[in-house]
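# Descriptive analysis of the structure
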Amino acid sequence: MLAVFQEMFGPVLFWILVLAAIVITLLYLYVLARDRALSMRKFLMAQLSMPIGAVAAVLFVQAVTDSHFRDIGGPVDMIVLLGVAVLGAVGLAILVYTAQSLVRRHP
């Protein structure tokens, strides 16, 4: 899988994405440990950003790869596309929640 992702995105972009995911995850864990509770207001804003993250992830993958929407041919392609959308949605929600918590601490 590592070789496939490096081939899809190129080694530089792939490792930048991996590093960004690690940094955001560590910051999210820091925020959760620091605050010791979830802020429902921040959580709601993070959830509202999820559709944007899903669409952005799909468009990003379409832009950096040689595939297009017309190349979707079967159920596996749709599963992969939906997986990308889900990961983009969750990733942006975590990023939005973390950014809100780091910018303003009080719920």
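Residues numbered from 1 in each chain as written. Predicted model: local features only at pLDDT ≥ 70, side-chain atom pairs only at ≥ 80, totals over all residues. Heavy atoms only, no water.

### Here's the deal with the overall build of the protein chain
Just so we agree on the cut-off: Numbering of helices and strands starts at the N terminus; helices are DSSP runs of H or I of at least 4 residues and strands are runs of E of at least 2. Only protein chains enter the accessibility calculation, which uses a 1.4 Å probe; a residue whose area is less than 20% of its type maximum is buried, one above 50% is exposed, and one in between is partly exposed. For accessible areas, the Shrake-Rupley method is used with a probe of radius 1.4 Å. Any residue's cover is judged against the shown protein chains and nothing else. Positive: Lys, Arg. Negative: Asp, Glu. His and the chain ends are not part of the count. Charge placement uses NZ in Lys and CZ in Arg. For Asp and Glu, CG and CD serve respectively.
Secondary structure summary: the protein chain contains 5 helices and 0 strands in total. Going from N to C terminus, the protein chain has its helices and strands arranged as α-α-α-α-α. Principal-axis analysis of the C-alpha atoms places the extent of the protein chain at approximately 45 × 25 × 20 Å. The proportion of buried residues among the 107 residues of the protein chain is 24%. Carbon and sulfur atoms make up 76% of the accessible area of the protein chain, which amounts to about 7500 Å² in all. Computed over 7 positive and 5 negative side-chain charges, the inter-centroid distance for the protein chain is 28 Å.

### Things to note about the nonpolar core
Note the cut-off: Residue types Ala, Val, Leu, Ile, Met, Phe, Trp, Tyr and Cys, when buried and joined through side-chain atoms within 4.5 Å, form a set referred to as a nonpolar core. Any pair of residues with heavy atoms lying within 4.5 Å of one another is described as a contacting pair.
Phe9, Phe14, Ala54, Ala57, Val58, Val61, Leu81, Val84, Ala85 and Ala89 together form the largest nonpolar core, which totals 10 residues. Taken together, the elements giving at least two residues each to this core come down to α4 (50-64) and α5 (75-103). When residues no more than four places from it in sequence are discounted, the contact partners of Val84 are Ala57, Val58 and Val61.

### Here's the deal with the UniProt feature "transmembrane region" (unreviewed entry) in the protein chain
This is how the line gets drawn: UniProt positions are given in the numbering used here, feature names are shortened, and annotations may be inferred rather than shown by experiment.
Taking the numbering used here, the UniProt-annotated feature "transmembrane region" (unreviewed entry) corresponds to residues 12-31, 43-64 and 76-97. As annotated, residues 43-64 has a helix share of 95% and a strand share of 0%, and its two end C-alpha atoms lie 30 Å apart.

### Considering the environment of Lys42
We apply this condition: Under this definition, polar contacts are N or O atom pairs within 3.5 Å; protein pairs additionally need one hydrogen-donor-capable and one acceptor-capable atom, and for neighbouring residues in sequence, both atoms have to be side-chain atoms.
Along the chain, Lys42 falls in helix α3 (residues 40-48). Taking the relative accessible area as the measure of exposure, Lys42 reaches 2% and is therefore buried. Reaching out from Lys42, the side chain makes a polar contact with the backbone oxygen of Arg104 at a distance of 3.2 Å.

### Points about unusual backbone geometry
The backbone phi angle of Arg36 is positive, close to 60°, even though this residue is not glycine. With respect to the secondary-structure elements, Arg36 resides in the loop between α2 (11-35) and α3. Residue Arg36 is classed as exposed on the basis of its relative accessible area, which comes to 75%.

### A look at the environment of Leu29
Structurally, the position occupied by Leu29 is in helix α2. Owing to a relative accessible area of 49%, Leu29 belongs among the partly exposed residues under this scheme. Remark: the alpha-carbon pair of Leu29 and Thr98, spanning 69 residues in sequence, is separated by 8.9 Å.

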